[in-house]
Amino acid sequence: VQLQASGGGLVQAGGSLRLSCAASGRTFSSYIMAWFRQAPGKEREFVAAITWSGSTTYYADSVKGRFTISRDNAKNTVYLQMNSLKPEDTAVYYCAAKSAASYIRDSERYGYWGQGTQVTVSS
């Protein structure tokens, strides 16, 4: 599967952005989808994930209650709605896909990655 992330930009603290990740192929619904982010000088970190049907979601503690992951299998797209953004949310955000339901938060378990989209939150 090929992934294309979009929707990043510059926003003031407290603002909102919605990221999208469009997937190619007809088997989108068979993949667990996730968002990771990487800030300058830091390791890539887990943000959120969603299971095949969208019935189960997972979040990093740092974004819980502010970010919402969702998916539309008919459109082969996963979304990340980001509200109440903070300067520490500034990073390149990547979407990723994997088949198995284990190790959801481990970036090394994901075999498919999008190109990343920059999110910058100003204070």
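Refer to the structure above for everything that follows.
Attention shifts here to the sheet that holds strand 1 (residues 3–6). Sheet architecture is open: 4 strands sit in the order 1-3-8-7, paired in antiparallel fashion. Since the sheet does not close on itself, it has two edges, and those belong to strand 1 and strand 7 (67–72), each with one partner. Taking the axes of each pair of neighbouring strands and ignoring which way they run, one obtains an average angle of 15 degrees across the sheet.

With the rule as written, the count across this model stands at 6 aromatic pairs. Judged by centre distance (5.2 Å) and plane angle (50 degrees), the rings of Phe-36 and Trp-113 are tilted. One end of the pair, Phe-36, is in strand 4 (residues 32–38); the other, Trp-113, is in strand 10 (residues 112–113), and 77 residues separate them in sequence. Given a relative accessible area of 28%, Trp-113 falls into the partly exposed group. Here Tyr-94 and Trp-113 contribute two aromatic rings whose centre-to-centre distance is 6.4 Å and whose plane-to-plane angle is 80 degrees, an arrangement assigned as edge-to-face. Note that Tyr-94 is positioned in strand 9 (residues 91–98) and Trp-113 in strand 10, a separation of 19 residues in sequence. Aromatic rings pair up to connect Phe-36, Phe-46, Tyr-94, Tyr-110 and Trp-113 into one cluster. A cation sits over an aromatic face here: Arg-44 above Tyr-94, 4.0 Å from the ring centre. Cation over ring: Arg-71 sits above Phe-28, and NZ or CZ is 4.5 Å from the ring centre.

As a further point, take the side chain of Asn-76. Position of Asn-76 relative to the elements: it lies in the loop between strand 7 and strand 8 (77–82). The residues contacting Asn-76, other than those within four sequence positions of it, are Cys-21, Ala-22, Ala-23, Ser-24, Gly-25 and Phe-28.

A separate point is the nonpolar core. The biggest cluster of nonpolar side chains holds 38 residues, and the ones touching the most others in it are Met-33, Trp-35, Leu-80, Met-82 and Tyr-93. With residues near it in sequence (within four places) discarded, Met-33 still touches Leu-3, Cys-21, Phe-28, Ala-48, Ala-49, Ile-50, Ile-69, Arg-71, Val-78, Ala-96 and Ala-97.

On to the state of the cysteines, then. Applying the stated criterion across every chain, the model contains 1 disulfide. Through a disulfide, Cys-21 is tied to Cys-95; the S-S separation comes to 2.1 Å. Handedness of the Cys-21-Cys-95 disulfide follows from its S-S torsion of about 60 degrees: it is right-handed. On the criterion of sequence distance, the pair formed by Cys-21 in strand 3 (residues 17–23) and Cys-95 in strand 9 is long-range, its members being 74 residues apart. No difference in accessibility class separates Cys-21 from Cys-95, as the two residues are buried.

A separate point is the pattern of salt bridges. Counting across every chain of the model gives 5 salt bridges. Notably, a salt bridge pairs Lys-64 with Asp-61, separated by 3.3 Å at the nearest N-O pair. As far as burial versus exposure is concerned, Lys-64 and Asp-61 are alike and both exposed. A salt bridge links Asp-89 to Arg-66; its shortest N-O distance comes to 2.7 Å. Here Asp-89, found in the loop between strand 8 and strand 9, pairs with Arg-66, found in the loop between strand 6 (57–59) and strand 7; they are 23 residues apart in sequence, far enough to count as distant.

About the thresholds
Residues numbered from 1 in each chain as written. Predicted model: local features only at pLDDT ≥ 70, side-chain atom pairs only at ≥ 80, totals over all residues. Heavy atoms only, no water. Pairing = 2+ DSSP bridges. Helix = DSSP H or I, 4+ residues; strand = E, 2+ residues; numbered from the N terminus. Axes fitted to C-alpha atoms, helices over the stretch in contact; angles between N-to-C directions. Phe/Tyr/Trp six-rings, centres within 6.5 Å; stacked < 30°, edge-to-face > 60°. Buried < 20%, exposed > 50% of the residue type's maximum accessible area, 1.4 Å probe, protein only. Lys NZ or Arg CZ within 6 Å of the ring centre and 35° of its normal. Contact = heavy atoms within 4.5 Å. Core = buried A, V, L, I, M, F, W, Y, C linked by side-chain atoms within 4.5 Å. Disulfide = S-S within 2.5 Å. Salt bridge = Lys/Arg side-chain N within 4 Å of Asp/Glu carboxyl O.

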